[in-house]
Amino acid sequence: MCFLSVNILRYQTLILAAVLLALNIMDTIGAIESLSDGNLEKNPKFMICVSLSLNIFVGLAIVAGIIATIQRNRLVIMVYMIALIIFGAGKTFIFCMAEICADKQYELLITDWYRFNATMGWICFIFLAILFARMNEEARRTLN
């Protein structure tokens, strides 16, 4: 399936997870700054809170995923993949809702850090799925 070894894919996944964690922290800081703006209405505040919740959720999943990648724990890696899918889908949904509303207040929600974070979440998921498939292939070879 993939010509790269499991070790190279693991290192690549670890680097991407570290970048995603850094972007996640920057997006969280930006969301807190936007939330501190007192002129926001109820709906943009709710969407920022949902975005913050997704950031905290995926931050914990990233830490667990990094540990699982180092230990080659396929079950926890699968949970990490599911968390990245939920994160990416949630961020994409919030982005679509903000684009539909097209209000000045929603512009505070969709910052550059938000876009980088959501995009990196999907990229990290793709590379993690490749690693997971390669680890499963290697495990099947070992059993035979």
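Note that the coordinates shown come from a computational prediction; the quantities given were computed from them, not determined experimentally.

Requested: an account of a nonpolar patch on the surface, with residues and values cited.
On the surface, Ile 25, Met 26, Ile 29, Trp 113 and Phe 116 cluster together into a nonpolar patch covering about 460 Å² of accessible area. Elements supplying a minimum of two residues to the nonpolar patch: helix H1 (6-35) and helix H5 (112-143). Among the secondary structure elements, Met 26 is positioned in helix H1. Judged by its relative accessible area of 32%, Met 26 is partly exposed.

How would you explain the packing of aromatic side chains if you had to name every residue and give the values?
This structure, assessed with the given rule, holds 2 aromatic pairs. Measuring from centroid to centroid gives 6.1 Å for Trp 113 and Phe 116, while their planes differ by 80°, and the two rings are edge-to-face. Here Trp 113 and its partner Phe 116 are both found in helix H5, 3 residues apart, which amounts to about one turn of the helix. Accessibility expressed as a relative area gives 35% for Trp 113, which makes it partly exposed. Each ring, one from Trp 122 and one from Phe 125, has its centre 6.3 Å from the other, and the planes form 85°; the classification is edge-to-face. With a gap of 3 residues between them, Trp 122 and Phe 125 both fall in helix H5, about one helical turn apart. For Trp 122, a relative accessible area of 31% puts it in the partly exposed group.

Give a detailed account of the pattern of salt bridges, specifying residues and quantitative values.
Scanning the entire structure with this criterion turns up 5 salt bridges. A salt bridge links Asp 27 to Lys 91; the shortest N-O distance between them is 2.7 Å. Remark: Lys 91 occurs in helix H3 (residues 74-101) and Asp 27 occurs in helix H1; sequence separation between them is 64 residues. What makes Asp 27 buried here is its relative accessible area of 2%. Where Arg 72 meets Glu 138, a salt bridge forms, and the shortest distance between an N and an O atom there is 3.4 Å. Residue Arg 72 is located in the loop between helix H2 (42-71) and H3, and its partner Glu 138 is located in helix H5; the two are separated by 66 residues in the primary sequence. Look at Arg 72 and you get partly exposed, because its relative accessible area is 35%. Under the relative-accessibility criterion, Glu 138 is labelled partly exposed at 32%. Among the ionic contacts, a cluster of salt bridges with common partners joins Arg 134, Glu 137 and Arg 141.

Thresholds, definitions, all that
- Residues numbered from 1 in each chain as written.
- Predicted model: local features only at pLDDT ≥ 70, side-chain atom pairs only at ≥ 80, totals over all residues.
- Heavy atoms only, no water.
- Patch = residues over 30% accessible without salt bridge, like charges linked within 9 Å, V, L, I, M, F, W, Y side chains within 5 Å.
- Areas by Shrake-Rupley, 256 points an atom, 1.4 Å probe, with all protein chains shown as cover.
- Salt bridge = Lys/Arg side-chain N within 4 Å of Asp/Glu carboxyl O.
- Helix = DSSP H or I, 4+ residues; strand = E, 2+ residues; numbered from the N terminus.
- Buried < 20%, exposed > 50% of the residue type's maximum accessible area, 1.4 Å probe, protein only.
- Phe/Tyr/Trp six-rings, centres within 6.5 Å; stacked < 30°, edge-to-face > 60°.

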